[in-house]
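# Chain and residue survey
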Amino acid sequence: MRLFDYTARKIIVTGHYGSGKTEFSISLAIKLAAQIKDKHNDKLAIVDLDIVNPYFRSREKRELLERKGICVYGSAYETEITAELPAIGATIRTPLEDKDCRVIIDTGGNDAGALILNQFTKYFTDDTIMLAVINANRPDTRTKSGALAHIRAIENTTGMQIDGIVNNTHMLHETTAEMVLMGHFLCAEVCDDIGKMLYCDCYPEQIVDPCDLSEIPHNLMPLGRYMRPSWLDK
């Protein structure tokens, strides 16, 4: 899979609370960084616009991302001591304005978290796609009608259109191939209903064997477990 070949320069990632959108954002950034590592003129950044939830934010993995050549923008503070404060640094405009920089924008959960995008609409007029991450194991997005309502709420709040859907149906370390497949068919149905593209189907590495997902024709994306503290699995 060559996601880098057909993604826009600015990739907005939205999703329901618990959908795994931040895990997807980080995994996507790392995958894209690996694909462009030999292209010295290409730059990659991740912008953390989540000011709603103080937990599981992409900027928590700044050190890991920067080691891989990914610039991280988000909090106005240099440390995470005051991370619960909804303070976004002015520097986040830097990658949005740099036409040589690929940018992943990780927003907060639901339409409330996506509301912050309205402050930056002038940057999203071209070369931008917005993705909605769907976890079919979440109560509000386990049905087609629920997923559609979620997507429409984000679109109504931001005034932007969702371009594609990411299937990230999981149950943390209890995820099975059957769950991923169930989410795939739900997301494919949603895409067919509203004319969106199914961007990719995610599965957790080291938990689900991709050979068990042969019913999914293309664009399988393995996800790391970067945002999951081990103590939560005990």
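This report concerns the structure included in the present document. (Residues numbered from 1 in each chain as written. Predicted model: local features only at pLDDT ≥ 70, side-chain atom pairs only at ≥ 80, totals over all residues. Heavy atoms only, no water.)

### Considerations on the overall build of the protein chain
Counting its regular elements, the protein chain contains 7 helices and 8 strands. Taking all 234 residues of the protein chain together, the buried fraction comes to 53%. In the protein chain, the proportion of contacts linking residues at least 24 apart, taken out of those at least 6 apart, comes to 74%. Accessible area for the protein chain stands at about 11,100 Å²; split by element, carbon and sulfur atoms hold 50% of it. (Helix = DSSP H or I, 4+ residues; strand = E, 2+ residues; numbered from the N terminus. Buried < 20%, exposed > 50% of the residue type's maximum accessible area, 1.4 Å probe, protein only. Contact = heavy atoms within 4.5 Å. Areas by Shrake-Rupley, 256 points an atom, 1.4 Å probe, with all protein chains shown as cover.)

### So, the sheet that holds strand 2 (residues 43-49)
The 8 strands are arranged 3-2-4-1-5-6-7-8 in an open sheet whose pairing can be described as parallel. Either end of the sheet is taken by a strand with one partner, and the two such strands are strand 3 (70-73) and strand 8 (220-223). Strand-to-strand, the axes of this sheet are offset by a mean angle of 25 degrees, without reference to chain direction. Note that strand 1 (residues 10-15) and strand 4 (residues 101-107) share 4 bridges and pair parallel. (Pairing = 2+ DSSP bridges. Axes fitted to C-alpha atoms, helices over the stretch in contact; angles between N-to-C directions.)

### Some details on unusual backbone geometry
Working note: non-glycine residues mostly have negative phi, and peptide bonds are mostly trans. One non-glycine residue, aspartate 127, lies in the positive phi region at around 50 degrees. Tracing the chain through its elements places aspartate 127 in the loop between helix 5 (110-114) and strand 5 (128-134). Take aspartate 127: its relative accessible area is 43%, and that puts it in the partly exposed class. With phi around 70 degrees, glutamine 206 is a residue other than glycine that occupies positive phi space.

### Quick look at the pattern of salt bridges
Tallied over the full model, the rule gives 7 salt bridges. Here aspartate 106 ties to lysine 21 by a salt bridge, and the two come within 3.4 Å at their closest N and O atoms. Highlighted residues: aspartate 106 in strand 4 and lysine 21 in helix 2 (residues 21-35), separated in sequence by 85 residues. Side by side, aspartate 106 and lysine 21 carry an identical accessibility label, which is buried. For arginine 67, the salt bridge is made with glutamate 63, and the minimal N-O distance between the two is 3.6 Å. Remark: glutamate 63 and arginine 67 occur in helix 3 (residues 62-67); sequence separation between them is 4 residues, near one turn of the helix. Judged by its relative accessible area of 60%, arginine 67 is exposed. Taking the relative accessible area as the measure of exposure, glutamate 63 reaches 60% and is therefore exposed. (Salt bridge = Lys/Arg side-chain N within 4 Å of Asp/Glu carboxyl O.)

### Here we look at the nonpolar core
Most often, soluble globular proteins keep nonpolar side chains buried together rather than apart. One finds Leu49, Ile105, Leu117, Phe124 and Ile165 to be the most contacted residues of the largest nonpolar core, which totals 32 residues. Sorting the residues of this core by element identifies strand 2, strand 4, strand 5, helix 6 (144-158) and helix 7 (177-194) as the ones contributing at least two each. Among the nonpolar cores identified, the runner-up in size contains 27 residues, and Ala8, Ile26, Ile70 and Cys202 belong to it. (Core = buried A, V, L, I, M, F, W, Y, C linked by side-chain atoms within 4.5 Å.)

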